[in-house]
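Fold and geometry: a report
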Amino acid sequence: MDDPSFAAAARIRVVLVGTQHPGNIGSAARALKTMGLSRLSLVAPERYPHADASALAAGADDVLAGASLHDTLAEAVADCRLVLGCTARSRRIALPEQGPREAAATLLAEASAGAEVALVFGRERTGLENDELQLCHGAVHIQANPGYSSLNLAAAVQVLAYELRMAWLAGAGPAAVAPDDAEHEHERDQPATHAQMEGLFGQLAETLDAIDFHKGRAPESAMRKLRRLFLRSRLDQREVRLLRGILADAQRMARLAGFQ
Ligand code: SAH
């Protein structure tokens, strides 16, 4: 790419979920390339590949050609340590919310420190589902006209891509890492990946059942709150192992006590 020094861009992926208009996929690819970004992931697009996507990519066909295709959002972000979801309106799930500028600085700092990060965009008609937002560490909202706040999908991608570039030009990224950081990366505790967090949540749900925590109440509400708590904590891999060890013991005790 034109910006060999924008190395963190290689770890920033934009994920489009369930896109309905293929033209928007092409326009999003173009929006990314203008800002020096190149990684696009598509989750179950309605019509793709499609001539409209190629036509609107207009010279960003390389970004389109390199796009990865996935069946689910969980699969598209499995190796990410930070996932932010863009929403046109706030939902019932109270995720921590940031504006584009703050979100760009956070994403760039993480990517500059060696983490894979993702920025997720929803469907044109209905946005991101609540269970998709639950996979995110936080939400990003562009404070638009409150009476007409829903941007075109590719326009929203452009706003965020621009802010990422501005954050990089402002030096937020390069300043966040010492030059030899990569070499010492292995010595630090790595933040947990998305897949590791999902493994923890799966075991947590099983354990709560095993110890009869819910007592007839619907498990979803407690799990939603616990997900929020643990995602907000940004656990590292050792902490996830510790928690899973505790859960494994709790599961064993429940078995011994004859709960299961
Ligand atoms: N009618 C949908 C809007 C979808 S627009 C809804 O109400 O959710 C398609 C996508 O563009 C959204 O899912 C979101 O990812 C992004 N987007 C559009 N407007 C946005 C805004 N003001 N802030 C953040 N993201 C926005």
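Structure's up top.
Quick look at the structure, then.

The rules we used
- Residues numbered from 1 in each chain as written.
- Predicted model: local features only at pLDDT ≥ 70, side-chain atom pairs only at ≥ 80, totals over all residues.
- Heavy atoms only, no water.
- Helix = DSSP H or I, 4+ residues; strand = E, 2+ residues; numbered from the N terminus.
- Buried < 20%, exposed > 50% of the residue type's maximum accessible area, 1.4 Å probe, protein only.
- Contact = heavy atoms within 4.5 Å.
- Areas by Shrake-Rupley, 256 points an atom, 1.4 Å probe, with all protein chains shown as cover.
- Salt bridge = Lys/Arg side-chain N within 4 Å of Asp/Glu carboxyl O.
- Pairing = 2+ DSSP bridges.
- Axes fitted to C-alpha atoms, helices over the stretch in contact; angles between N-to-C directions.
- Left-handed = near helix turned anticlockwise from the far one by under 90°.
- Nonpolar A, V, L, I, M, F, W, Y, C, P; charged D, E, K, R; others polar.
- Parallel < 35°, antiparallel > 145°, perpendicular 65-115°, else oblique.
- Expected span 1.5 Å × (residues − 1).
- Arc of directions from axis to C-beta.

1. A look at the overall build of the chain
Regarding its fold elements, the chain presents 12 helices and seven strands. For the chain, the residues scored as buried account for 45% of the 260 residues in total. Summarising the internal contacts of the chain: among those between residues at least 6 apart in sequence, 85% fall at separations of at least 24. Surface exposure of the chain reaches about 13,100 Å², of which carbon and sulfur atoms provide 54%.

2. Concerning the pattern of salt bridges
Side-chain pairs of opposite charge can arise whenever the charged atoms involved come near each other. Tallied over the full model, the rule gives eight salt bridges. One salt bridge connects Arg101 with Glu163, and the closest N-O pair in it is separated by 2.9 Å. One end of the pair, Arg101, is in helix H5 (residues 100-112); the other, Glu163, is in helix H7 (residues 153-169), with 62 residues separating them in the sequence. We classify Glu163 as buried; its relative accessible area is 9%. Residues joined by salt bridges that share partners form a network here, namely Arg13, Arg39, Asp79 and Glu116.

3. Describing the sheet that holds strand E1 (residues 12-17)
Strand order across the open sheet formed by seven strands is E3-E2-E1-E6-E4-E7-E5, with parallel pairing between neighbours. Because the sheet does not close on itself, it has two edges, and the strands there are strand E3 (68-70) and strand E5 (97-98). By the bridge criterion, five bridges tie E1 to strand E2 (residues 39-43) in an arrangement that is parallel. Following the sheet pairing, Val17 is matched in E2 by Val43. Along the sheet face, helix H1 (residues 22-34) touches E1 and E2 and points at about 160° away from the line of E2. In the packing of H7 onto the sheet, contacts are made with E1, strand E4 (82-86), strand E6 (117-121) and strand E7 (138-140), and the angle to E6 comes to roughly 155°.

4. Here's the deal with the packing of helix H10 (residues 194-210) against helix H11 (residues 219-233)
When two helices pack together, you describe them by how their axes are tilted relative to each other and by the distance separating the axes. Between H10 and H11, the shortest axis-to-axis distance is 11 Å and the interhelical angle comes to 140°. Handedness of the crossing formed by H10 with H11: right-handed. Here H10 contributes Met197, Glu198, Phe201, Leu204, Ala205 and Leu208 to the contact with H11, which in turn contributes Met223, Leu226, Arg227, Phe230 and Leu231. Counted by class, the contact of H10 with H11 contains nine nonpolar, no polar and two charged residues.

5. Brief notes about the pairing of E6
Across the five residues of E6, five count as buried, placing the element largely inside the fold. On E6, burial covers both faces: Val117, Leu119 and Phe121 on one face and Ala118 and Val120 on the other are all buried. Both E1 and E6 contribute to a ladder of five bridges, which runs parallel. Each residue of the ladder has a partner; that of Val14, found in E6, is Leu119. In this sheet, E6 lies alongside E4 in parallel orientation, the contact comprising four bridges. From the neighbouring strand, Val83 faces E6, where its bridge partner is Ala118.

6. As for the packing of H10 against helix H12 (residues 237-256)
Where H10 contacts H12, the axes come no closer than 10 Å and their chain directions differ by 20°. In terms of orientation, H10 and H12 fall into the roughly parallel class. Our pair here, H10 against H12, has a crossing hand that is left-handed. Across from Gln196, Met197, Gly199, Leu200, Gln203, Leu204, Glu206, Thr207 and Ala210 in H10, the residues of H12 making contact are Gln237, Val240, Leu243, Arg244, Leu247, Ala248, Ala250, Gln251 and Ala254.

7. Things to note about H1
Note on helix geometry: an α-helix contains 3.6 residues per turn, so any two residues three or four positions apart are oriented the same way. The end-to-end C-alpha distance of H1 is 19 Å, a good match for the 18 Å that 13 residues give at a rise of 1.5 Å each. Taken together, the buried positions of H1 are occupied by Pro22, Gly23, Asn24, Ile25, Gly26, Ala28, Ala29, Ala31 and Leu32. Gly36 occupies a position one or two residues after H1 and carries a positive phi of about 80°.

8. Thoughts on H5
Given a rise of 1.5 Å per residue, 13 residues ought to cover 18 Å, and the 18 Å separating the end C-alpha atoms of H5 matches this to within 8%. Turning to H5, its buried residues number three or more, namely Pro100, Ala103, Ala104, Leu107, Leu108, Ala111 and Ser112. Down the axis of H5, the buried side of the element spans an arc of 155°, and every buried residue falls inside it. Note on H5: the residue one or two positions beyond its end, Gly114, has a positive phi of about 100°.

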